[in-house]
Amino acid sequence: MKKILILMSLTLGSLCAADINWASSYKDAVDKASEQKKSIMLLVTTKTCRWCRKLESTTLKDTGVVSRLKKSYISVHVTRDEDDYPCHLKASGVPTTFFLDVSGKPLIRKVVGYWNVEDYHSYLDDVDYKLGKKEY
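Reading the values: rules and limits
Chains are numbered independently. Their residues run from 1 in the order of the written sequence. Note on the predicted model: pLDDT of at least 70 is required for a residue's local features to be given, and 80 or more for side-chain atom pairs to be given and counted; whole-chain, interface and lining totals, by contrast, use all residues. As a rule here, side-chain values cover all heavy atoms of the structure and leave hydrogens and water aside. Relative accessibility under 20% of the residue-type maximum defines a buried residue, over 50% an exposed one, and the middle range a partly exposed one, all with a 1.4 Å probe and only protein chains included. Going along the chain from the N terminus, every DSSP run of H or I of four or more residues is numbered as a helix, and every run of E of two or more is numbered as a strand. Strands are labelled as partners when DSSP assigns at least two bridges between them. Contacts were defined at the residue level, with two residues in contact if any of their heavy atoms lie within 4.5 Å. Angles here are taken between N-to-C directions and fall from 0 to 180 degrees, while the axes themselves are lines fitted to C-alpha atoms, restricted in helices to the stretch in contact. Only one rule defines a salt bridge in this text: a Lys or Arg side-chain nitrogen within 4 Å of an Asp or Glu carboxyl oxygen.

### Points about the pairing of strand 2 (residues 39-45)
By the criterion of burial, strand 2 is predominantly enclosed, with seven of the seven residues buried. Of the two faces of strand 2, the one carrying Ser39, Met41, Leu43 and Thr45 and the one carrying Ile40, Leu42 and Val44 are both buried. Sheet analysis places strand 2 next to strand 3 (residues 73-79), joined by seven bridges and oriented parallel. In the strand pairing of strand 3, Leu42 is matched with Val76. Sheet topology places strand 2 next to strand 4 (residues 96-100); five bridges connect them, and they run antiparallel. Its bridge partner being in strand 4, Leu43 is matched across the sheet by Thr97.

### Remarks on helix 2 (residues 26-36)
Those residues of helix 2 that fall on the buried side of the exposure criterion are Tyr26, Asp28, Ala29, Val30 and Ala33. On its buried face, helix 2 is in contact with strand 1 (22-23), strand 2, strand 3 and strand 4.

### Structural notes on the environment of Arg109
Inspection of the secondary structure puts Arg109 in the loop between strand 4 and strand 5 (111-112). With a relative accessible area of 59%, Arg109 lands in the exposed category.

### What to know about the side chain of Ser72
As for its position among the elements, Ser72 is in helix 4 (residues 63-72). Look at Ser72 and you get buried, because its relative accessible area is 15%. Once residues lying within four places of it in the same chain are set aside, the contact partners of Ser72 are Lys38, Ser39 and Lys133.

### Things to note about the sheet that holds strand 5
Think of a sheet as strands paired side by side through backbone hydrogen bonds, with each pair either parallel or antiparallel. Read across the sheet, five strands follow the order 1-3-2-4-5 without closing on themselves; strand pairing throughout is mixed. Looking at the sheet topology across the chains shown, the edges are occupied by strand 1 and strand 5. Across the face of the sheet, helix 4 comes into contact with strand 2, strand 3 and strand 4 while running at roughly 110° to strand 3. Along the sheet, helix 5 (residues 117-130) contacts strand 2, strand 3, strand 4 and strand 5; its crossing angle with strand 4, the most-contacted strand, is approximately 25°.

### Topic: the side chain of Thr46
Here Thr46 is to be found in the loop between strand 2 and helix 3 (50-57). Excluding residues that lie within four positions of it along the chain, Thr46 makes contacts with Cys52, Arg53, Thr79, Arg80 and Val94.

### What about the pattern of salt bridges?
Applying the stated criterion to the full structure yields eight salt bridges. Between Asp128 and Arg68 there is a salt bridge whose closest N-O contact spans 2.9 Å. Here the residue Asp128 occupies a position in helix 5, and Arg68 occupies one in helix 4, the gap between them amounting to 60 residues. Assessed through its relative accessible area of 21%, Arg68 is described here as partly exposed. In this structure, the salt-bridge partner of Asp81 is Arg80, at a minimum N-O distance of 3.8 Å. Taking the relative accessible area as the measure of exposure, Arg80 reaches 23% and is therefore partly exposed.

Rendered as structure tokens:
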């Protein structure tokens, strides 16, 4: 019985660890990013986008991706044409990911479409490089 409880505890812990702490709104993300001295990851999706759901259920559930996002970013998820976010951030295709500083300025070009874990890490590396946190 003790082994089962330990196994269940480890399983639940790893499941919880693979969740992004989403800010409730873009404004909330900016406030938290300013306070915590972090960048912003803004994900723009629509309700009917199957590639959005795939990104959310695979790449954005990967423990490595989640860990990096939690460490360096305040993440916010908005629905295009429904939620408030800066109008200068055009998301003609979805999903679109923006990596921003606290003023809303993109750190790298927007990332449009579904990307697997390895490619998403590459974009995170690009932001780290831009911010001087990583060398190539």
